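Listed here are the chains, written in short residue letters.
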Amino acid sequence: MTESNVFFCGIGGSGMLPLASIVRATGAKVAGSDRSLDAGRVANKFAYLRSLGIGLFPQDGSGLAPGMTLVTSAAVEETVPDVVRARELGLDHLTRPQFLAQLLNDAQRSVAVGGTSGKSTVTGMIGWILNATHRQPTVMNGAVMKNFVTPSAPFASALVGDPELFVSEVDESDGSIALYRPEVAVLTNISLDHKEMDELRSLFASFLLRARRAIVNLDDPETRAIADAIPADQRIGYGFDAPGAEFMGKNLELLPGGSTFTVIAGDETHDVQLNVPGRHNASNALAAIAATRALGVALADSAAALGRFEGLKRRLENVGTAGGVTVIDDFAHNPDKIDASLATLRAQPGRLLIMFQPHGYGPLTKMGEELADSFAKGLAPDDRLYLPDPVYQGGTVERTRGSDWLADQVRDRGGQAEHIADRAAIGEALLAEARDGDRIVIMGARDDSLSEFAVLLVERLAQRNS
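Now for the pattern of salt bridges. Two side chains that carry opposite charge are able to pair once their charged atoms sit near each other. Applying the stated rule across the entire model yields 21 salt bridges. Here Glu88 ties to Arg85 by a salt bridge, and the two come within 3.2 Å at their closest N and O atoms. On the criterion of helical spacing, the pair formed by Glu88 and Arg85 is a turn pair, its members being three residues apart in helix H4 (residues 81-89). Under the relative-accessibility criterion, Arg85 is labelled partly exposed at 32%.

This is the structure in C-alpha cells:
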C-alpha cells in the first residue's frame, strides 16, 4: 500500500466500507464521508467505522487535506463538495474499482469473482475455504460474511489477512471489470442487469482471458458460449448438467435449509453438505471448490469447509419468527436473482408475503418487463406482492416507470401485485395480512434500512402475539 492517507467519499457503501477497513488494517490513515451519515441513517455502521480508527466527516469538503488520495464510490457525482475540494487541492482521485484493482493486481495470488448473480456468495465461500485451511486470505466482499461476524466486527464484509492472497468480487455494472488482472477469474452467469447483453458478453470474455485460470459455469448458456473462446489449458468448467465439466456436481438433493451433492473432479469424488438453501447455492459451491483447487486446496478440504459455511447477510436470511410468521431479508433485485430466490422459497411450504423495493428508476427502464415476468411466474396465486416506490437518491434519472407501472405489468401477466408508495404503510399491510405459517420476505438492494425494516417487523409480530 503506497497511499498512507486515504479519504473515502461514500464510505458507508457496500463496496466502500470493506475496502476502507482493509486499507485501515495496513496501518494507513483513513477517513471518509457519506450522505447517509449526514442524514443520520444507519448509525451502527458508522459507529463500527469509527471503532476501526477511521475519521468521519460531513460530505462538505471539510475532511480533505493536502497529501490525501480521494477514493469515490459510483454514487458520488463530480459536483459533491468533497470532489470539488479535492480538485482544488490537486489530490490524486481514484474510483473505488481503480483503487481495488491496484490491490488485487499487486497481489502475488488473486481471485476475482464476476457474474450477474452469486458473486458475493462465491467470494464468501472462497474466503471461508481459504481461511478454514489456514491460508489467511484478504477478502473484499460486497456483503457481510456470517462466518467472520464477531461482536467487534458486525459488518464483516471484509477479511483482513495476507495482502498477497487477495480475493474479491468484481463488478461489471460500470465496466470496471476491465481493470482486473487476477490469477483466477470466476464467472458464475450472465443475464440482463446493468448493461445490454452484447456489452456484457464482451466484458466478461475479456475478463476471463486476462486470467491465468478461468473458472466458468457450464450450466449457464451465456457463460458456456463464452467458455468456448477460452483456451482449453486456461479454462476450468463446473456444472451439474454440463458434460465435460472438470468439476461435476451429481446427486443434488435440495433440503429445507441447504443441500447435499457429490462433486467429481477427475478421479476424485467427495460429498458436500451445504447449510445454505437452493440449487443456485449448490452451483456457487462448485465454483468455490474449483477456484480454491486452482490455488492448491485439496478437494476434500474445500468440501469439508463448505459444510461450515454460514452464508451471507441479506441472502434469504432468516431474520426471526414470531407468532408463527417468519421474516426473511433478501438482496434479490434483478430477474435472475429473483428467480433463484422465489424458486428456493417456493420449494418450502408457506405463503409468501413479499415487499420488493426496486433499487432505482433506471433498473425499471432497463429490465422492468423481465422483473414483471419473474414475479408473475414465480409467485403462487395466494402469495402477495407489495411494491413501494423505488430507491431514489436524487439526480436527473428518468422516472417515467415507477412501482405503479411495475404493479400493472405483473397484473397484466396474470400475477398479483399492489403498489403502495409508502413503505411504512406496506409494513402495516403485511402485519394485517400475516397469519400462522406465512413468510414475509423483504426484497431489494441499495438500501441498508431494508434490514432494519425486517427486524422491526419481527418485533411488531412479537408484540402482537405477546
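Spatially, the five strands line up as an open sheet ordered E3-E2-E1-E4-E5, and their pairing is parallel. Only two strands of the sheet have a single neighbouring strand rather than two, namely strand E3 (55-57) and strand E5 (92-95). Pairwise comparison of adjacent strand axes, ignoring direction, gives a mean angle of 25° for this sheet. With four bridges connecting them, strand E4 (residues 69-72) and E5 associate as parallel partners. Looking at the pairing, Val71 lines up with Leu94 of E5. Along the sheet face, helix H1 (residues 16-25) touches strand E1 (5-9), strand E2 (29-33) and E4 and points at about 170° away from the line of E1. Contacts from H4 reach E1, E2, E4 and E5 within the one sheet, and its direction differs from that of E4 by about 150°.

Moving on, we get to helix H13 (residues 403-412). Turning to H13, its buried residues number three or more, namely Ser403, Trp405, Leu406, Ala407, Gln409 and Val410. Elements in contact with the buried residues of H13: strand E18 (352-357), helix H12 (361-378), strand E19 (384-387) and strand E20 (418-419). Once H13 finishes, Gly414 follows within two positions and takes phi at roughly 95°, a positive value.

Our focus in this paragraph is the nonpolar core. Within the largest apolar cluster, 55 residues are counted, with the highest numbers of intra-cluster contacts made by Phe8, Ile11, Phe99 and Leu208. Those elements giving two or more residues to this core turn out to be E1, H1, helix H3 (43-51), helix H5 (96-106), strand E10 (184-187), helix H7 (197-209), strand E11 (213-217) and helix H8 (221-227). Counting residues per element, this core draws most heavily on H7, which supplies seven residues. Setting aside anything within four residues of it in sequence, one finds Ile11 in contact with Met16, Leu17, Ala20, Ala31, Gly32, Ser33, Asp34, Phe46, Leu49, Ile54 and Leu56. In terms of nonpolar packing, the next biggest core, distinct from the first, is built from 46 residues, Leu165, Ala282, Ile289 and Leu295 among them.

For residues that are not glycine, phi is negative in most cases, and the peptide bond is trans in most cases. You will see that Asn251, though not glycine, has its phi angle at about 55°, which is positive. Among the structural elements, Asn251 can be located in strand E13 (residues 247-255). Its relative accessible area of 62% is what places Asn251 among the exposed residues. Of note, Arg314 is a non-glycine position whose phi angle comes to about 65°, a positive value. Inspection of the secondary structure assignment puts Arg314 in the loop between helix H10 (299-306) and strand E16 (317-322). A relative accessible area of 11% means that Arg314 is categorised as buried.

A few words now on H4. One full turn of an α-helix is made of 3.6 residues, so residues set three or four places apart face in the same direction. When H4 is considered as a whole, its buried residues turn out to be Asp82, Val83 and Ala86. End-on view of H4: buried residues confined to an arc of 100°, all on one side of the axis. Check the buried side of H4 and you find it contacts E1, E2, E4 and E5. A positive phi of about 70° marks Gly90, the residue just after H4.

Time to look at the environment of Met16. Inspection of the secondary structure assignment puts Met16 in helix H1. Judged by relative accessible area, which is 1%, Met16 ranks as buried. Sequence spacing of Met16 and Pro97 is 81 residues, and the spatial spacing of their C-alpha atoms is 9.7 Å. Residue contacts for Met16: discarding those within four places in its chain leaves Phe8, Cys9, Gly10, Ile11, Val71, Thr72, Ser73 and Arg96.

This part covers the packing of aromatic side chains. For the coordinates displayed, the defined rule picks out six aromatic pairs. Taking 5.9 Å as the distance between ring centres and 90° as the angle between the ring planes, the aromatic pair formed by Phe8 and Phe99 counts as edge-to-face. Taken together, the residues span a long stretch of sequence, with Phe8 in strand E1 and Phe99 in helix H5 at a distance of 91 residues. For Phe99, a relative accessible area of 0% gives the class buried. Arg423 extends its terminal NZ or CZ atom over the ring of Phe453, reaching a point 5.2 Å from the ring centre.

This part covers the sheet that holds E19. Taken in spatial order, the six strands of this open sheet run E16-E17-E21-E18-E19-E20, and their pairing is mixed. The open sheet has two free edges, formed respectively by E16 and E20, since each of these has just one partner strand. The pairing of strand E17 (residues 325-330) with strand E21 (residues 439-444) spans five bridges and is classified as parallel. In the sheet register, Asp330 faces E21, and the bridge partner there is Met443. Across the sheet, helix H15 (residues 449-464) touches E16, E17, E18 and E21, and the angle it forms with E17 is around 175°.

Calculation criteria
- Residues numbered from 1 in each chain as written.
- Predicted model: local features only at pLDDT ≥ 70, side-chain atom pairs only at ≥ 80, totals over all residues.
- Heavy atoms only, no water.
- Salt bridge = Lys/Arg side-chain N within 4 Å of Asp/Glu carboxyl O.
- Helix = DSSP H or I, 4+ residues; strand = E, 2+ residues; numbered from the N terminus.
- Buried < 20%, exposed > 50% of the residue type's maximum accessible area, 1.4 Å probe, protein only.
- Pairing = 2+ DSSP bridges.
- Axes fitted to C-alpha atoms, helices over the stretch in contact; angles between N-to-C directions.
- Contact = heavy atoms within 4.5 Å.
- Core = buried A, V, L, I, M, F, W, Y, C linked by side-chain atoms within 4.5 Å.
- Arc of directions from axis to C-beta.
- Phe/Tyr/Trp six-rings, centres within 6.5 Å; stacked < 30°, edge-to-face > 60°.
- Lys NZ or Arg CZ within 6 Å of the ring centre and 35° of its normal.

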